[in-house]
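# Close look at the chain arrangement
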Amino acid sequence: KMCGDELWRRLHERRPETRVIFTSGHTDPALVDVAEIARESAFLGKPFKLEDLAAKAREVLDLPR
């Protein structure tokens, strides 16, 4: 019973090394702090194609840690 950005914050507190792709149809900064999320994860706006998700997953997995 929480929104995606709250789930991400809790996950990041416990496991900051976990790589996350955050997806949302809401890109209004008032709804999610996209800037904060973008520093620690990746964002993929909806709607997206399977190819877009695959490319974003590869991008995130290739990031240095």
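About the criteria used
Residues numbered from 1 in each chain as written. Predicted model: local features only at pLDDT ≥ 70, side-chain atom pairs only at ≥ 80, totals over all residues. Heavy atoms only, no water. Helix = DSSP H or I, 4+ residues; strand = E, 2+ residues; numbered from the N terminus. Buried < 20%, exposed > 50% of the residue type's maximum accessible area, 1.4 Å probe, protein only. Contact = heavy atoms within 4.5 Å. Areas by Shrake-Rupley, 256 points an atom, 1.4 Å probe, with all protein chains shown as cover. Pairing = 2+ DSSP bridges. pLDDT = per-residue confidence, 0-100. Salt bridge = Lys/Arg side-chain N within 4 Å of Asp/Glu carboxyl O.

### So, the overall build of the chain
Helices and strands together make up the secondary structure of the chain, namely three helices and two strands. Taken from N to C terminus, the helices and strands of the chain fall in the order α-β-α-β-α. Expressed as a percentage of its 65 residues, the buried residues of the chain come to 18%. Within the chain, contacts between residues separated by at least 24 positions form 46% of all contacts whose residues are at least 6 apart in sequence. Summed over its atoms, the accessible surface of the chain is roughly 5000 Å², and 55% of this surface lies on carbon and sulfur atoms.

### A short note on the pairing of strand S2 (residues 42-45)
Looking along a regular strand, one sees the side chains alternate between the two faces of the sheet. The two faces of S2 differ: Ala-42 and Leu-44 on one face are buried, but Phe-43 and Gly-45 on the other face are not. The sheet contact formed by strand S1 (residues 21-24) and S2 spans four bridges and is parallel. Bridge pairing links Ser-24 to Gly-45 in S2.

### Comments concerning the confidence of the model for the chain
The predicted model of the chain has a mean per-residue pLDDT of 81, with 77% of residues at 70 or higher. Taken element by element, the predicted model of the chain shows its lowest mean pLDDT in helix H2 (residues 34-40) (63) and its highest in helix H3 (residues 50-62) (94).

### What about the pattern of salt bridges?
Scanning the model with the defined rule gives four salt bridges in all. Measuring nitrogen to oxygen at the nearest pair gives 3.1 Å for the salt bridge that ties Asp-62 to Arg-58. Here the residue Asp-62 and the residue Arg-58 both occupy positions in helix H3, the gap between them amounting to four residues, near one helical turn. Given the relative accessible area of 46%, Arg-58 is considered partly exposed.

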